[in-house]
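# Structural overview for review
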Amino acid sequence: MGKWKVTVDIDACIGDGICASLCPDVFELDDEGKSVVIAGKEIIGDDLYDCVQEAVDSCPVSCITLEEA
């Protein structure tokens, strides 16, 4: 089983929210409407990979990264 590190560049985030809509188990919007990775979900397994990859591909400002941990 692979492990993947998920990060969001909060400075680049425009608060579109597509990531939280596509993958609510990993992303949520903070009090300023910016996307953040839910605490404890910074490292994910293969079970959430497709969901996060879809969020990465759908982000209008490409501020989400997914890399092997």
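Scope of this entry: the structure provided in the associated data block. For clarity, every value in this text was computed on a predicted model and none was experimentally measured.

If a residue is not glycine, its phi is most likely negative; likewise, a peptide bond is most likely trans. Not every positive phi belongs to a glycine, and S62 is a case in point at roughly 50°. Mapped onto the fold, S62 is located in the loop between α2 (46–58) and β5 (64–68).

Taken as a class, soluble globular proteins show a tendency for nonpolar side chains to be buried jointly. In terms of nonpolar packing, the biggest core is built from 20 residues, with V6, V26, F27, I44, V52, I64 and L66 touching the most fellow members. Mapped onto this core, the elements with two or more residues apiece are β1 (3–8), α1 (18–22), α2 and β5. The biggest single contributor to this core is α2, with five residues. Apart from residues no more than four positions distant in its own chain, I64 is found in contact with V6, T7, V8, C19, F27, A55, V56 and C59.

According to the stated counting rule, one finds one disulfide in the structure shown. Here C13 is not cross-linked by a disulfide; its sulfur's nearest cysteine counterpart is in C63, at 4.5 Å. On the basis of relative accessibility, which here comes to 7%, the residue C13 falls in the buried class. C13 provides the cysteine sulfur closest to C19, a residue in no disulfide bond, and the two sulfurs are 6.3 Å apart.

Ordered by their spatial adjacency, three strands build an open sheet running β4-β1-β5, and the pairing between neighbours is antiparallel. Each edge of the sheet is formed by a strand with only one pairing partner; in this case those strands are β4 (43–45) and β5. With strand direction ignored, the average angle separating the axes of adjacent strands in the sheet is 35°. Pairing analysis gives five bridges linking β1 to β5, with the strands arranged antiparallel. Residue pairing across strands places V6 opposite L66, the latter belonging to β5. The strands touched by α2 within the sheet are β1, β4 and β5, with β4 carrying the most contacts at an inclination of about 115°.

Conventions and cut-offs
Residues numbered from 1 in each chain as written. Predicted model: local features only at pLDDT ≥ 70, side-chain atom pairs only at ≥ 80, totals over all residues. Heavy atoms only, no water. Helix = DSSP H or I, 4+ residues; strand = E, 2+ residues; numbered from the N terminus. Core = buried A, V, L, I, M, F, W, Y, C linked by side-chain atoms within 4.5 Å. Buried < 20%, exposed > 50% of the residue type's maximum accessible area, 1.4 Å probe, protein only. Contact = heavy atoms within 4.5 Å. Disulfide = S-S within 2.5 Å. Pairing = 2+ DSSP bridges. Axes fitted to C-alpha atoms, helices over the stretch in contact; angles between N-to-C directions.

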